[in-house]
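Overview (structure and organization)
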Amino acid sequence: MARSAAEVRRTGGLVAAALLLIGLAALGTHFHNAAEAAAERDESDRQAVTVARQAALGLTNISAQTVEQDSQRLTALATGAFREQFAQQSTAFRDIVTGSKVTSRGEVVEAALSNSDGTTAVALAAVRATVGNAASPEGQQRQYRLRITLEKTGETWLVANLEFVP
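For the rest of this paragraph, the subject is the pattern of salt bridges. Tallied over the full model, the rule gives 5 salt bridges. We note a salt bridge from Glu68 to Arg94, for which the minimum N-O separation is 3.3 Å. In this pair, Glu68 is assigned in helix α2 (residues 67-77) and Arg94 in helix α3 (residues 80-99), connecting sequence segments 26 residues apart. Asp70 serves as the salt-bridge partner of Arg73, at 2.5 Å between the closest nitrogen and oxygen. Residue Arg73 and its partner Asp70 are located together in helix α2, separated by 3 residues, close to a single helical turn. Arg73 gets classed as partly exposed once you look at its relative accessible area, which sits at 43%.

Although it is not a glycine, Lys101 sits at a positive phi angle of roughly 55 degrees. By secondary structure assignment, the location of Lys101 is in the loop between α3 and β2 (103-116). Classification of Lys101 as exposed rests on a relative accessible area of 54%.

Basis of the calculations
- Throughout this description, residue numbers start from 1 for each chain and increase along the sequence as written.
- Local features in a predicted model are, by the rule used here, given only for residues with pLDDT of at least 70; side-chain atom pairs are given and counted only at 80 or more, and totals for whole chains, interfaces and linings are based on all residues.
- Derived side-chain values reflect all non-hydrogen atoms in the structure, with water molecules and hydrogen atoms excluded from consideration.
- For salt bridges, the criterion is a side-chain nitrogen of Lys or Arg within 4 Å of an Asp or Glu carboxyl oxygen.
- Helix numbering and strand numbering both begin at the N terminus, where a helix is a DSSP run of H or I of at least 4 residues and a strand a DSSP run of E of at least 2.
- Type-normalised accessible area, obtained with a 1.4 Å probe on protein chains alone, sets the label of each residue: buried when under 20%, exposed when over 50%, and partly exposed for intermediate values.

So, in structure tokens, the structure goes:
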């Protein structure tokens, strides 16, 4: 049985419409997945900056009375060679802080990522601190710039390196 030209056009139109809908659905799925991946990267980057801020604060908020807790906070944020180095120097760090009656109250003025690939990141932080000791209990204002290298371990960002930059 031969189909009429109208039926062929109608069938062709339905096929074209179905193909268009399938194409639009595939394109929509692609854009949705890309947007979701971008949102996940953005959230991961925000978490990296948060850890960088915590490390900068941990390094610049210390006192002779709380040096043990201050040291533990920094150690908890550290990984790899930086963690080992800090652990090796923690006794000397505590001795200096308690012996000189050091107090430092810092605030992160600004922090941002320099780069990130999802598993490693480099953050830059500008910190203002008032640092005092037994010889200068009123303290002096100091400005620091830090480069903080982070590594993602599981879902957690940790500090792999921290350096003062000029």
